[in-house]
Amino acid sequence: MEIKGQVAFITGGARGIGKAIAGAFAELGCNIVIADIDPELSSRTAGEIKEAGVDSLAVQIDVSSSVSVSSAFKSVMEKFGRIDILVNNAGITKDNVIIRMKEEDWDAVLNINLKGVFLCSKEAIRIMSKQRYGRIVNIASVVAFMGNPGQANYSASKAGIIGLTKTTAKEYASRGITANAVAPGFIVTAMTDALSDHVKQEMKKAIPAGEFGTVQDVANAVVFLSLPESGYITGQVVHVNGGMYM
Ligand code: NDP
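Parameters and conventions
- Residues numbered from 1 in each chain as written.
- Predicted model: local features only at pLDDT ≥ 70, side-chain atom pairs only at ≥ 80, totals over all residues.
- Heavy atoms only, no water.
- Helix = DSSP H or I, 4+ residues; strand = E, 2+ residues; numbered from the N terminus.
- Rg over C-alpha atoms; globule rule 2.2 N^0.38 Å.
- Buried < 20%, exposed > 50% of the residue type's maximum accessible area, 1.4 Å probe, protein only.
- Contact = heavy atoms within 4.5 Å.
- Areas by Shrake-Rupley, 256 points an atom, 1.4 Å probe, with all protein chains shown as cover.
- Lys, Arg positive; Asp, Glu negative; His and termini not counted.
- Charge placed at Lys NZ, Arg CZ, Asp CG, Glu CD.
- 1 Å grid on protein atoms, 1.4 Å probe; cavity = no way out; pocket = protein on both sides within 12 Å on 5 of 7 lines; lining within 4 Å.
- Points joined across faces, edges and corners; volume = space filled by probe spheres on them.
- Nonpolar A, V, L, I, M, F, W, Y, C, P; charged D, E, K, R; others polar.
- Phe/Tyr/Trp six-rings, centres within 6.5 Å; stacked < 30°, edge-to-face > 60°.
- Near = heavy atom within 4 Å.
- Polar contact = N/O pair within 3.5 Å; in protein donor to acceptor, adjacent residues only side chain to side chain.
- Sits in = over half its atoms within 2 Å of the grid points.
- Salt bridge = Lys/Arg side-chain N within 4 Å of Asp/Glu carboxyl O.

1. Some words on the overall build of the chain
For step 1, the next point in the chain: The helix and strand inventory of the chain stands at nine helices and seven strands.
For step 2, the next point in the chain: Its C-alpha atoms give the chain a radius of gyration of 17 Å, within 12% of the compact-globule value 18 Å for 246 residues.
For step 3, the next point in the chain: With the principal axes as the frame, the chain shows a C-alpha extent of 50 × 40 × 35 Å.
For step 4, the next point in the chain: Across the 246 residues of the chain, 50% fall into the buried class.
For step 5, the next point in the chain: Across the chain, every contact between residues at least 6 apart in sequence was considered, and the portion connecting residues at least 24 apart equals 72%.
For step 6, the next point in the chain: For the chain, the exposed area adds up to about 11,600 Å²; of that, 53% sits on carbon and sulfur atoms.
For step 7, the next point in the chain: Both charge centroids of the chain, one from 24 positive and one from 24 negative side chains, sit 6 Å from each other.

Here it is as structure tokens:
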């Protein structure tokens, strides 16, 4: 089995880290599903992906809604007939210290970041079980392991992903499905670009590598875990953080 020609489904794939992951799979000849809440940006990204000479499909999805998730997976199966790789990348933040954090902000972050992984994995596992083959990669975060002031909801959702990943790995290893997590540290994205130079310098002091990571660093780890040759790696967390947590 080779990765070329496989179908990779990336949630939150329209921009940021998800877009880089989609591009990395396209370079290896995978057909790509950009599953994102923003339909216009998804279509634009799917169009750019086609320039790599592979097929791509944009589907609108709200990962926190079971109805939306079912309908997105149905459209993908109608077009491609299989899903080999699922990357649960969609995620949001709604930061505040605990006593000021609104219940609705707790719920929104848990619903998208954690329940979304459950709902998409459930759909994918049904398909992958029949295929007796699948790769699931869940995007967590270094804050799942270190905590972060102002991110009670986000760090709890990302820590939840680790337990969910390990359980998925145990339940479906016998079906040829692996489940792993990638935990990025600080990555250069619109979010980190918005920080002041002073804050950036302070943050970099905590990173032995002395720099923020790139979206490509995260994509490389995701691709590695998704290779057919990585079938004996399951239930693991790959940290991509320049040594900031080990
Ligand atoms: P972005 O915000 O750039 O991209 C996330 C994408 O997910 C957006 O296109 C967003 O759409 C989409 N999205 C949001 N809500 C939903 C939903 N309900 N259903 C489907 N798609 C949705 O994030 P990043 O690229 O920075 O992060 C990607 C992942 O990596 C996230 O899980 C994040 O937690 C994780 N991560 C990021 C780090 C970083 O430094 N950036 C560090 C550690 C982890 P829209 O923009 O319209 O909301």
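2. Regarding unusual backbone geometry
Note: most residues except glycine have negative phi, and most peptide bonds are trans.
For step 1, the next point in the chain: The backbone of R132 shows a phi angle near 60°, a positive value even though the residue is not glycine.
For step 2, the next point in the chain: As for its placement among the helices and strands, R132 is situated in the loop between α4 (103–131) and β5 (134–139).

3. What about the layout of surface pockets?
For step 1, the next point in the chain: Counted as a void, the largest pocket has a volume near 1,200 Å³.
For step 2, the next point in the chain: In this structure, the largest pocket is lined by 45 residues; those nearest its centre are G91, I92, T93, Y154 and M191.
For step 3, the next point in the chain: Listing elements by their share of the lining of the largest pocket, those giving two or more residues are α1 (16–27), β2 (31–36), α5 (143–146), α6 (152–172), α7 (190–193) and α8 (197–205).
For step 4, the next point in the chain: Looking at the lining of the largest pocket residue by residue, the classes come out as 26 nonpolar, 14 polar and five charged.

4. A word on the packing of aromatic side chains
For step 1, the next point in the chain: For the coordinates displayed, the defined rule picks out three aromatic pairs.
For step 2, the next point in the chain: Ring geometry for F9 and F73: centres 4.3 Å apart, planes at 15°, overall stacked. Separated by 64 residues along the polypeptide, F9 in strand β1 (residues 7–11) and F73 in helix α3 (residues 66–80) bring together distant segments of the chain.
For step 3, the next point in the chain: F9 gets classed as buried once you look at its relative accessible area, which sits at 0%.
For step 4, the next point in the chain: Relative to Y245, the ring of F145 lies with its centre 5.5 Å away and its plane at 35°, an arrangement referred to as tilted. Placement of F145 in helix α5 and of Y245 in the segment after β7 (237–240) is noted, with a sequence separation of 100 residues between them.
For step 5, the next point in the chain: Under the relative-accessibility criterion, F145 is labelled partly exposed at 30%.
For step 6, the next point in the chain: Given a relative accessible area of 27%, Y245 falls into the partly exposed group.

5. A few points about the site of the ligand
For step 1, the next point in the chain: Around the ligand lies a shell of 25 residues, among which R15, I17, D36, N89 and Y154 are the nearest.
For step 2, the next point in the chain: Within the backbone of I37, a nitrogen or oxygen atom sits 3.4 Å from a nitrogen atom of the ligand.
For step 3, the next point in the chain: Interatomic distance of 2.9 Å between a side-chain N/O atom of K158 and an oxygen atom of the ligand.
For step 4, the next point in the chain: In this structure the site holding the ligand corresponds to the largest pocket.
For step 5, the next point in the chain: Residue assignment for the shell around the ligand shows that the elements contributing at least two residues are α1 and α6.
For step 6, the next point in the chain: Here the shell around the ligand is composed, by residue class, of 13 nonpolar, seven polar and five charged.

6. Here's the deal with the pattern of salt bridges
For step 1, the next point in the chain: Tallying each qualifying case throughout the model produces seven salt bridges.
For step 2, the next point in the chain: Between R82 and D84 there is a salt bridge, with the nearest N and O atoms lying 2.5 Å from each other.
For step 3, the next point in the chain: E202 is the salt-bridge partner of K205, the closest N and O atoms lying 2.9 Å from each other. With K205 and E202 both in helix α8 and three residues apart, this pair spans about one turn of that helix.
For step 4, the next point in the chain: A relative accessible area of 39% places E202 in the partly exposed class.

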